[in-house]
Amino acid sequence: MYTKTKDYSMYLAGEWATGESEARMEATSPATGEQIGTVPEGTRADVERAIAAANEAWSGWANLSAFERAAAMIRIAEIIEERRDDLAETLTLDQGKPLAAEAYDEVDELVAYFEMASADVTRLEGAMPPSVDADKRVMLYRVPRGVVGVISPWNWPYTMPAELIAPALACGNAVVWAPASSTSVCAVKLAECIVDAGLPSGLFNMITGPGPVVGDDDQLALALDDAAVLDHVVDVEPEQRMRPQRLMNVVEQRHVGRVVEAARLQAVAEHRLGVGH
């Protein structure tokens, strides 16, 4: 394995971009101590642009059949398999996991998440419960939520976002993803696999940058409006209070008890606290 330094881009509104500010952040390997590249330092304007593009794209995607969307998930899985070595080596360089002992396993698990999403979406069922009116029929069916916000941690930089991105896309939603800033190169590599599967422009977006800026839960929830913020990683000091409005899953990096105690979790419709993987 050797270090290749590269200036990477983020993906928003259907194109690889350097972002509004064109500022960049260095990516340093915890495995070697070397700089392995730079990534764009995204801004809130970049996030808003991504959300706008996702809102434009998701309805057409949602109107496709479940089997068409499932086929796209399989294409992503196949691309990940083809790039297995590169993804595993990037994971070791960018995050520090041992290559043979852990990195390849995470890439293999990543493939499985997209395969599972492909299979699961074709088996989603509705229901026809009894009606109190004999002349009427009640039908229950599942519909996409719209634009899904995903904010993911550093410790499993492929599989933890994929747990949400894969089913969200498979079920007809658009995605705006803000990965952990310390593993941004891994995020770019995964984004390349998703983009190269040929999804509609604007459907999938990945914005690199500081967590308090591109991954701010208040700003993301406000910008998404009626969309869902499916995953959140607290990447701030505990005295900085989080006030999620549509937070469904909290994945905390550190200071778990103190941050959650400070959070206004009564505003959360559904909440689960997970630490690690």
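Scroll up to find the structure this text is about.
Worth saying up front: this structure is predicted, and the values here are computed from it rather than measured.

A.B. asks: I keep staring at a nonpolar patch on the surface and nothing clicks. Help me out?
C.D. replies: A contiguous nonpolar patch, built from Met128, Met139, Tyr141 and Val143 and spanning about 520 Å² of accessible area, is present on the exposed surface. Among the structural elements, Met139 can be located in the loop between helix 4 (99–121) and strand 6 (147–151). Judged by its relative accessible area of 57%, Met139 falls in the exposed class.

A.B. asks: Got a minute to help me understand the environment of Arg69 in this structure?
C.D. replies: Secondary-structure assignment places Arg69 in helix 2 (residues 66–82). Through-space distance from the C-alpha of Arg69 to that of Leu199 is 9.4 Å; in sequence the pair is 130 residues apart. With sequence-adjacent residues up to four places away left out, Arg69 is seen in contact with Trp61, Ala62, Leu64, Val121, Leu169, Ala170, Cys171 and Gly172. A distance of 2.7 Å separates a polar atom in the side chain of Arg69 from the backbone oxygen of Leu64.

A.B. asks: For this particular structure, what's the right way to read the sheet that holds strand 4 (residues 24–28)?
C.D. replies: Hydrogen bonds between backbone groups are what pair the strands of a sheet, and the pairing can be parallel or antiparallel. Taken together, three strands build an open sheet; the order of strands is 1-5-4 and the sheet is mixed. Each end of this open sheet is capped by a strand with a single partner; those strands are strand 1 (6–7) and strand 4. The pairing of strand 4 with strand 5 (residues 35–40) spans five bridges and is classified as antiparallel. Opposite Arg24, over in strand 5, you have Pro40 as the bridge partner.

A.B. asks: It is not clear to me how the pairing of strand 5 should be interpreted in this structure. Could you clarify?
C.D. replies: Both faces of the sheet carry side chains from a regular strand, because those side chains alternate between them. Where burial is concerned, most of strand 5 is hidden: five out of the six residues are buried. Relative to strand 5, strand 1 runs parallel, the two sharing two bridges. Its bridge partner being in strand 5, Asp7 is matched across the sheet by Thr38. Remark: six residues form the turn of the hairpin made by strand 4 and strand 5, two consecutive strands paired antiparallel; Gly33 in that turn has positive phi of roughly 80 degrees.

A.B. asks: Whenever I open this one, the packing of helix 3 (residues 84–95) against helix 4 confuses me. Can you help?
C.D. replies: Packed helices, taken two at a time, are described by the angle their axes make and the gap between the axes. Close contact between helix 3 and helix 4 brings their axes to 9 Å; oriented N to C, the two are set at 125 degrees. Between helix 3 and helix 4, the angle falls in the class oblique. Between helix 3 and helix 4 the crossing geometry is right-handed. In this structure, helix 3 contributes Arg84, Asp85, Leu87, Ala88, Glu89, Leu91 and Thr92 to the contact, and helix 4 contributes Leu99, Ala103, Tyr104, Glu106, Val107 and Asp108.

A.B. asks: Looking at this model, I keep getting lost on the side chain of Thr183. Mind explaining?
C.D. replies: Here Thr183 lies in the loop between strand 7 (174–178) and helix 6 (184–195). Every residue in contact with Thr183, bar those within four places of it in the chain, is listed here: Asp94, Gln95, Pro153, Trp154 and Pro157.

A.B. asks: I'm lost on the packing of aromatic side chains in this one. Help?
C.D. replies: Aromatic rings considered in pairs are described by the distance between their centres and by the relative angle of their planes. Enumeration according to the criterion identifies two aromatic pairs in this entry. Arranged with centres 6.4 Å apart and planes meeting at 50 degrees, the rings of Trp177 and Phe204 form a pair that is tilted. One end of the pair, Trp177, is in strand 7; the other, Phe204, is in strand 8 (residues 204–206), with 27 residues separating them in the sequence. Take Trp177 and Phe204: they sit in the same class, and that class is buried. The side chain of Lys97 reaches across the aromatic face of Trp156, ending 3.4 Å from its centre.

A.B. asks: Mind showing me how you'd approach helix 5 (residues 159–170) here?
C.D. replies: In an α-helix, one full turn covers 3.6 residues, which means residues spaced three or four apart are oriented alike. An ideal rise of 1.5 Å per residue puts 16 Å on 12 residues; helix 5 measures up with 16 Å between its terminal C-alpha atoms. Of all 12 residues making up helix 5, 10 are buried, and the element is well covered by its neighbours. Looking only at helix 5, the buried set comprises Thr159, Met160, Pro161, Ala162, Leu164, Ile165, Ala166, Ala168, Leu169 and Ala170. Immediately beyond the C-terminal end of helix 5, within one or two residues, lies Gly172, with a positive phi of roughly 100 degrees.

A.B. asks: Explain the pairing of strand 7 here, please?
C.D. replies: Of all five residues in strand 7, five are buried, a share of seventy percent or more. Along strand 7, one buried face is formed by Ala174, Val176 and Ala178 and the opposite face, lined by Val175 and Trp177, is buried too. As paired strands, strand 6 and strand 7 are joined by five bridges and run parallel to one another. Bridged to Ile151 within strand 7 is Ala178. Regarding the hand of the β-α-β motif, the stretch spanning strand 6, helix 5 and strand 7 is right-handed. Regarding the hand of the β-α-β motif, the stretch spanning strand 7, helix 6 and strand 8 is right-handed.

A.B. asks: What am I meant to see in a negative patch on the surface here?
C.D. replies: A grouping of Glu78, Glu81, Glu82 and Glu115 is seen on the molecular surface, where their side chains present a negatively charged patch. Looking at which element gives the most residues to the negative patch, the answer is helix 2, with three residues. As for its placement among the helices and strands, Glu82 is situated in helix 2. Looking at Glu82, the relative accessible area reads 66%, which means it is exposed.

Scoring rules and cut-offs
Residues numbered from 1 in each chain as written. Predicted model: local features only at pLDDT ≥ 70, side-chain atom pairs only at ≥ 80, totals over all residues. Heavy atoms only, no water. Patch = residues over 30% accessible without salt bridge, like charges linked within 9 Å, V, L, I, M, F, W, Y side chains within 5 Å. Areas by Shrake-Rupley, 256 points an atom, 1.4 Å probe, with all protein chains shown as cover. Salt bridge = Lys/Arg side-chain N within 4 Å of Asp/Glu carboxyl O. Helix = DSSP H or I, 4+ residues; strand = E, 2+ residues; numbered from the N terminus. Buried < 20%, exposed > 50% of the residue type's maximum accessible area, 1.4 Å probe, protein only. Contact = heavy atoms within 4.5 Å. Polar contact = N/O pair within 3.5 Å; in protein donor to acceptor, adjacent residues only side chain to side chain. Pairing = 2+ DSSP bridges. Axes fitted to C-alpha atoms, helices over the stretch in contact; angles between N-to-C directions. Parallel < 35°, antiparallel > 145°, perpendicular 65-115°, else oblique. Left-handed = near helix turned anticlockwise from the far one by under 90°. Phe/Tyr/Trp six-rings, centres within 6.5 Å; stacked < 30°, edge-to-face > 60°. Lys NZ or Arg CZ within 6 Å of the ring centre and 35° of its normal. Expected span 1.5 Å × (residues − 1). Right-handed = clockwise from strand over helix to strand, strands pointing away. Lys, Arg positive; Asp, Glu negative; His and termini not counted. Charge placed at Lys NZ, Arg CZ, Asp CG, Glu CD.

Take it as geometry only, folks, not as evidence of what the structure does.
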